[in-house]
Amino acid sequence: MSRPQTTEIAPSRRHEHASFPVRKIEFDFSRIPKYLYADNALSSYVWLVLEAKFPAGEQFFIDSVRDLRDAVADPQLQNDISAFIGQEAMHVRAHRAANAALSRVHGIDVQRTERRTRTLMTLFNRLHTPRQRPAATVGAEHLTASLARFLLRHPEFMAGFKNENIRHLVMWHALEEREHRAVAFAVHQQAGGGYATRIFMYLWFIGALAPFVVLDILRLMISDGSVRDWPEIRRGLKTIFGRHGILGGSSRALRDYFRRDFHPFDDDQSQLEAAWRPELGVVPA
């Protein structure tokens, strides 16, 4: 397989001095595997369901930050907000393409998860104020940045994505989550957001989404009969919750979010991130 084509998008006036670039990567999903990770149904469907939730979820992140940018006086942060929106928009585009390929090639009903997530995000927008929504985004961004940290620190885990385009999609997304991990946090702070709001909205947002993630995974496993394969279920659970699994291995980083003095930049993995960029063919941030 050839390496995905990477292009750095010409910066607009608002983000030409941003701390990180906006990139467009073209992926070939024509041979996308049904099982995305380690040929295991459970762990693969975890990634697939997250994949299906990314477009609506990341659009929510974009909107929540954009809605408060008028409260931001810092010109550097304004540039970073524009780049954040650009990166997330590229993620939405790429994940929609992967979702469409999974539906087209394997007949997987990804659209149901996409629709459900759009409904949940619409409900979140209606229930919460413009100052509360970025707090949910801060928590979600910390979750994704923590998982990205694990992936970049464990190339043996990343190798479980056997398809090169899927591995590069995950790696690209992980690198950019690391790059823009502090933007929503800074917006939340400059708009007057506090510790209690940040923690409450994090727990509420993740708690509201988690049951639907589990239901969608079970639906997919029931549809192909893998729900009865207990040895493979145990193997999948180990890759997620085990000591060296992605959630188990990210537990310390995830707990850091509850510190009152937490800041996303406390976790500096810049050297590691720089070491991964050549495989993607991306320019340094």
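Residues numbered from 1 in each chain as written. Predicted model: local features only at pLDDT ≥ 70, side-chain atom pairs only at ≥ 80, totals over all residues. Heavy atoms only, no water.

Q: Which residues make up the layout of surface pockets, and what values do they have?
A: One number sums up the size of the largest pocket: a volume of about 1200 Å³. Contributing to the lining of the largest pocket are 50 residues, with Val 46, Leu 50, Leu 143, Leu 147 and Val 213 lying nearest its centre. Elements represented by at least two residues in the lining of the largest pocket include exactly helix H1 (41-66), helix H3 (110-127), helix H4 (133-153), helix H6 (164-179), helix H8 (195-224) and helix H9 (230-241). No other element matches the 11 residues that H1 contributes to the lining of the largest pocket. Residues that form the lining of the largest pocket fall into these classes: 39 nonpolar, seven polar and four charged. Size it by volume and the second largest pocket reaches roughly 350 Å³. Among the secondary structure elements, those contributing two or more residues to the lining of the second largest pocket are H4 and helix H10 (251-255). When residues of the lining of the second largest pocket are assigned to their parent elements, the largest contribution, six residues, is made by H4. (1 Å grid on protein atoms, 1.4 Å probe; cavity = no way out; pocket = protein on both sides within 12 Å on 5 of 7 lines; lining within 4 Å. Points joined across faces, edges and corners; volume = space filled by probe spheres on them. Helix = DSSP H or I, 4+ residues; strand = E, 2+ residues; numbered from the N terminus. Nonpolar A, V, L, I, M, F, W, Y, C, P; charged D, E, K, R; others polar.)

Q: So what's going on with the packing of aromatic side chains? Residues and values would help.
A: Across all of its chains, the model carries 18 aromatic pairs by this definition. Considering the side-chain rings of Tyr 37 and Phe 161, the 4.8 Å spacing of their centres and the 70° angle between planes classify their relative orientation as edge-to-face. Separated by 124 residues along the polypeptide, Tyr 37 in the loop between strand E2 (23-26) and H1 and Phe 161 in the loop between helix H5 (155-158) and H6 bring together distant segments of the chain. Of the residues examined, Tyr 37 reaches a relative accessible area of 5% and is grouped as buried. Members of the aromatic cluster, connected to one another through ring pairs, are Tyr 37, Trp 47, Phe 150, Phe 157 and Phe 161. Arg 198 extends its terminal NZ or CZ atom over the ring of Tyr 257, reaching a point 4.7 Å from the ring centre. (Phe/Tyr/Trp six-rings, centres within 6.5 Å; stacked < 30°, edge-to-face > 60°. Buried < 20%, exposed > 50% of the residue type's maximum accessible area, 1.4 Å probe, protein only. Lys NZ or Arg CZ within 6 Å of the ring centre and 35° of its normal.)

Q: Describe the packing of helix H2 (residues 75-106) against H3, and please don't skip the residues or the numbers.
A: For the pair H2 and H3, the least separation of the axes is 9 Å and the interaxial angle reads 145°. Contact residues: H2 offers Asn 99, Leu 102 and Ser 103, while H3 offers Val 110, Gln 111 and Glu 114. (Axes fitted to C-alpha atoms, helices over the stretch in contact; angles between N-to-C directions. Contact = heavy atoms within 4.5 Å.)

Q: Explain the pattern of salt bridges to me, and be specific about the residues and the numbers.
A: Per the counting criterion, the structure on display carries 20 salt bridges. Across the salt bridge formed by Asp 109 and Arg 219, the nearest N and O atoms sit 4.0 Å from each other. With a gap of 110 residues between them, Asp 109 in the loop between H2 and H3 and Arg 219 in helix H8 connect regions that are remote in the sequence. Here the salt bridges do not stand alone but share partners, grouping Lys 53, Asp 109, Arg 112, Arg 116, Asp 216 and Arg 219 into one network. (Salt bridge = Lys/Arg side-chain N within 4 Å of Asp/Glu carboxyl O.)

Q: Kindly report on unusual backbone geometry, identifying the contributing residues and their values.
A: Even without a glycine there, the phi angle at Ala 38 is positive, about 55°. Topologically, Ala 38 is positioned in the loop between E2 and H1. For Ala 38, a relative accessible area of 21% translates into the label partly exposed. Positive phi values are uncommon outside glycine, yet Asp 39 reaches one of about 55°. Structurally, Asp 39 can be placed in the loop between E2 and H1.

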